[in-house]
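# Breakdown of the fold
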Amino acid sequence: MLIRVISVKKTKIMNLFNEVLAAKKQLENVVAATPLTQNLNLSEEFKSTILLKREDLQIVRSYKIRGAYNKISSLTETEKASGIVCASAGNHAQGVAYSCHLLQIKGKIYMPKTTPKQKVKQVQLFGKTFVEIVLTGDTFDDAYASATADATESQKIFIHPFDDDKVIAGQGTVGLEILESYNEPIDYVFVPIGGGGLASGLSEVFKQLSPNTKIIGVEPKGAPSMKTSMEENKNTALKTIDKFVDGAAVKQVGDKTFEICRHNLDDIILVPEGKVCTTILRLYNEEAMVVEPAGALTIAALDFYKDKIKGKKVVCVVSGSNNDIERTAEIKERSLLYEGLMHYFMIQFPQRPGALKEFVNNILGPDDDITYFQFAKKNSREVGSVVVGLELKNKKDILAIKVNMTKNGFEFQYLNDNQDLFTQLIG
């Protein structure tokens, strides 16, 4: 019986690997073979060879075109004529839209209302007259529920963003390209995980062609669906998620992708959203790279593996660059909070002339700045509750600020440690 089980598993592996090889041929002249380039700054920082697989340079600015086109092009003529339906937080939608345009197929695309405007606009741009966009719900899972219900009712093919053999195989071509581009042994590959399609396809390729390479999955800390499922030893849906890393924030991974990843991944790292934001800003300032939150995940993860990767050859998959400039303020805010440079207080502030000047002179250091000052509730009393935001140059200065407020009689409540109150007052 054991021999039979192993044999069945090997057959499934070989079938998927063969699907990836077939997908590579199917995607010729459609998908760009994106560059694998060494990043000198990161290599020097981590004392290793850091190679970036630039899937952000695809025509739709993410790897998602690979799986979408491979799946849609495999449909029968009857299925194509009926049109397709999909759900996406943005990048899969663009891949589907572009595929519909190339193949002249009608598509209906469901996306969360929270999808950045830039991604919605790009979907319409790539799909042109062949796609209809429906914005519904707050999360990918909401859009998914609406899309699958529509597909069932209209009897159209649903193009799953990750839990489909053809989609997984298409994403797996990223792994083939990495190995074709680099002749030396690769020690580590860091791959982002949303629903798990890319991690599944890529890891299968490496297990076949480069089994000594360690495959490290990376998820946002606020949406650890794959890691949670691994720990529970079953595909587990999360009750709530942080939607900020929209390209990798799903409540539940796929059943197929879970089974593949649980056997193929060597580790999963959870990266705080604030760390992702710091990485986005750094890549823009130092490398002139514009990446979306999910695209920064693997590079942000390097800090958490710096001792293990020293002296090694490491690949980070940069999955996408569909970032909305309107999110810049939020990205900076999250980064500053994570780095300990932005602090919010509820302060009982004297309502008299000169009080603010006194606060600045007696409480703040020369490099500290007030970036937010708002009365929580105005009244006629001698003191009023004021929400104050402070941006620091040195995170250690916060200790002196708290001491100075106590010394000078300013009663305060520190909001950074009170998430519920922080969300209510700051948003």
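Scroll up to find the structure.
To start, this report covers the structure provided alongside it. These figures come from a predicted structure and were not determined experimentally.

Quick look at the overall build of the protein now. Looking only at helices and strands, one finds 18 helices and 14 strands in the protein. Relative to the compact-globule value of 22 Å for 427 residues, the protein shows a C-alpha radius of gyration of 24 Å, a close match. For the C-alpha atoms alone, the extent of the protein along its principal axes is close to 75 × 50 × 45 Å. Scored against the burial criterion, the 427 residues of the protein give a buried share of 53%. A sequence separation of at least 24 residues applies to 74% of the contacts in the protein between residues at least 6 apart. Surface accessibility of the protein: about 19800 Å² in total, with carbon and sulfur atoms responsible for 49%. Across the protein, the centroid of the 53 positively charged side chains sits 1 Å from that of the 52 negatively charged ones.

In this section: the sheet that holds strand S9 (residues 267-271). Read across the open sheet, the six strands follow the order S1-S2-S10-S7-S8-S9; overall the sheet is mixed. Either end of the sheet is taken by a strand with one partner, and the two such strands are strand S1 (36-38) and S9. Sheet twist, expressed as the average angle between the axes of neighbouring strands with direction ignored, equals 25°. Pairing geometry for S1 and strand S2 (residues 49-54), over three bridges, is antiparallel. Residue pairing across strands places Thr37 opposite Leu52, the latter belonging to S2. In the packing of helix H10 (residues 225-232) onto the sheet, contacts are made with strand S8 (214-220) and S9, and the angle to S9 comes to roughly 135°.

Across the sheet, which stays open at both edges, the four strands sit in the order S5-S4-S3-S6 with parallel pairing between neighbours. Strand pairing shows two members of the sheet lacking a second neighbour, strand S5 (131-135) and strand S6 (157-159), which therefore form its edges. Adjacent strand axes in the sheet meet at a mean angle of 25°, parallel and antiparallel pairs treated alike. Contacts from helix H6 (residues 117-127) reach strand S4 (107-111) and S5, with the element oriented near 165° to S5.

The first and last C-alpha atoms of helix H7 (residues 140-154) sit 21 Å apart over 15 residues, in line with the 21 Å expected at 1.5 Å per residue. Regarding H7, the residues found buried are Phe140, Asp141, Ala143, Ala147, Asp150 and Ala151. Check the buried side of H7 and you find it contacts strand S3 (84-87), S4 and S6.

Now for the layout of surface pockets. Counted as a void, the largest pocket has a volume near 600 Å³. As for the largest pocket, its lining consists of 18 residues, and the residues nearest its centre are Arg334, Leu337, Tyr338, Gln419 and Phe422. Contributions of two or more residues to the lining of the largest pocket are made by helix H12 (273-287), helix H15 (328-338), strand S11 (342-350) and helix H18 (419-425). Among the elements that take part in the lining of the largest pocket, H15 stands out by supplying five residues, more than any other. Looking at side-chain class alone, the lining of the largest pocket contains six nonpolar, seven polar and five charged residues.

Definitions and limits used
Residues numbered from 1 in each chain as written. Predicted model: local features only at pLDDT ≥ 70, side-chain atom pairs only at ≥ 80, totals over all residues. Heavy atoms only, no water. Helix = DSSP H or I, 4+ residues; strand = E, 2+ residues; numbered from the N terminus. Rg over C-alpha atoms; globule rule 2.2 N^0.38 Å. Buried < 20%, exposed > 50% of the residue type's maximum accessible area, 1.4 Å probe, protein only. Contact = heavy atoms within 4.5 Å. Areas by Shrake-Rupley, 256 points an atom, 1.4 Å probe, with all protein chains shown as cover. Lys, Arg positive; Asp, Glu negative; His and termini not counted. Charge placed at Lys NZ, Arg CZ, Asp CG, Glu CD. Pairing = 2+ DSSP bridges. Axes fitted to C-alpha atoms, helices over the stretch in contact; angles between N-to-C directions. Expected span 1.5 Å × (residues − 1). 1 Å grid on protein atoms, 1.4 Å probe; cavity = no way out; pocket = protein on both sides within 12 Å on 5 of 7 lines; lining within 4 Å. Points joined across faces, edges and corners; volume = space filled by probe spheres on them. Nonpolar A, V, L, I, M, F, W, Y, C, P; charged D, E, K, R; others polar.

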